[in-house]
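# Coordinate analysis (summary)
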Amino acid sequence: MNKTIYLDNNATTKCSKEVLEAMFPYLESEFGNPSSIYSLGRDGKEKIQEARKNVAHLLNATEKEILFTSCASESNVTAIMSAVKNNPTKKHIITTKVEHASIVETMHYLEQNGYNITYLSVNEQGKLNLEELENSITEDTLLITVMMANNELGNIYPIKEIGSIAKKHNILFHVDAVQAIGKIPIDVKELNIDTLSFSGHKIYAPKGIGVLYIKENIPFIPLIFGHQENNRRGGTENVPYIIGLGKAVELLLEDHYKTSEKMALLRDKMEHEILENISEVKIYGDLDSRMSNTSNIAFKNVEGDELLLVLESFGIYVSTGSACNAHNAEPSHVLTACHANLEEYSPIRISLGKDNTEEEIEYFVKTLINVVGMLRRKE
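Every value quoted in this text rests on a predicted model; they were computed, and no experiment measured them.

## What to know about the sheet that holds strand 5 (residues 141–147)
Spatially, seven strands are ordered 2-8-7-6-5-3-4 in an open sheet, and the strand pairing comes out mixed. Unpaired on one side and paired on the other, strand 2 (66–69) and strand 4 (116–120) mark the two borders of the sheet. Here the strands of the sheet are splayed against their neighbours by 20° on average, with no regard to which way each runs. Sheet analysis places strand 7 (residues 195–199) next to strand 8 (residues 210–214), joined by five bridges and oriented antiparallel. Among the inter-strand pairings, S199 is bridged to a residue of strand 8, identified as G210.

## Comments concerning the pattern of salt bridges
Should their charged atoms come close, side chains of opposite charge can pair. Using the criterion set out here, one finds 17 salt bridges in the structure. In this structure, K47 engages E50 in a salt bridge whose closest nitrogen and oxygen atoms are separated by 3.8 Å. Pair noted here: K47 and E50 are both in helix 3 (residues 39–59), with a separation of three residues, about one helical turn. With a relative accessible area of 39%, E50 lands in the partly exposed category. When salt bridges with common partners are traced through the structure, they connect K269, E358 and E362 into a single cluster.

## Quick notes on unusual backbone geometry
Of note in the backbone geometry, Y257 takes a positive phi value of approximately 65° without being a glycine. Among the structural elements, Y257 can be located in the loop between helix 9 (239–255) and helix 10 (258–277). Even without a glycine there, the phi angle at H339 is positive, about 60°. With respect to the secondary-structure elements, H339 resides in the loop between helix 12 (333–337) and strand 12 (345–351).

How each quantity is defined
Residues numbered from 1 in each chain as written. Predicted model: local features only at pLDDT ≥ 70, side-chain atom pairs only at ≥ 80, totals over all residues. Heavy atoms only, no water. Pairing = 2+ DSSP bridges. Helix = DSSP H or I, 4+ residues; strand = E, 2+ residues; numbered from the N terminus. Axes fitted to C-alpha atoms, helices over the stretch in contact; angles between N-to-C directions. Salt bridge = Lys/Arg side-chain N within 4 Å of Asp/Glu carboxyl O. Buried < 20%, exposed > 50% of the residue type's maximum accessible area, 1.4 Å probe, protein only.

Here's what the structure looks like:
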């Protein structure tokens, strides 16, 4: 098979053809500033509102609750810092040990500036203990921030239950939904979510565009001041990228999660074949509640980076963890929190996308079996 087999879709996805086609006119001929009153700008403004409408529909939100940003990391930081600024007398935040780097680093910054952060633990499967969460709440708690699905394990967290706890205690609740968006239904009202983030490049739109949902009537202070986005984010709108995101969301709405079901079948078949043909293998995560496309598999006596590079020589692309920490020599903070045996077992993360086929997965598994055997014989 002489082609690229891309199995790292949790890191980023390829822009879909439909998204690129929707964007192109606004990169070439329809280049006007959307704040302009003439037609060259007005059309872009209308398309931005159309994209906002699509995103609101996907989340069961209203259009005025949708804010476009540069990425989910910006959305996360904006939501957290707004909550902090709006609650100056409170100094306690609850999060988890397995959050994305944009959350973790923001928590570290706040700790250095006098805030008390509770990092909820997880068990060996990466599951949270909601009793620990509720017991961590104090009168000083201003925010709970928990991801909806983990980027390394694929675990889906009990957001509805956490939202109910936050609501009961009148605490703001922020959700990083980057890995969940488009794969499972998200109803911000039903889940009691106050703010939520996601990014375009995980749903076949370009890098450099994100979303922040802000529940109506939630006090909000911008991270970037200016008149755009209803005075909530300054800077000329990134018209083509917003349009691309809107098109990607439109395609998700038309898909009705059928692609997610297809990926689950491929993932399960892949794992079955790997376990049948390779000894001393571990699959990390909550196998009963995972994203349909994600598998974190570890092999005993195989060096993860070497495995990744040999697979690349066969045109197969996987990862050893979060792309945001790919150049960090430290072990995965997620797997460390799960008490994984990283000295003996080296993990790779396989994350499927909408274009992966059964033929590709068969080729990947066959190649993996041979490569793992080869690397173990070297020891």
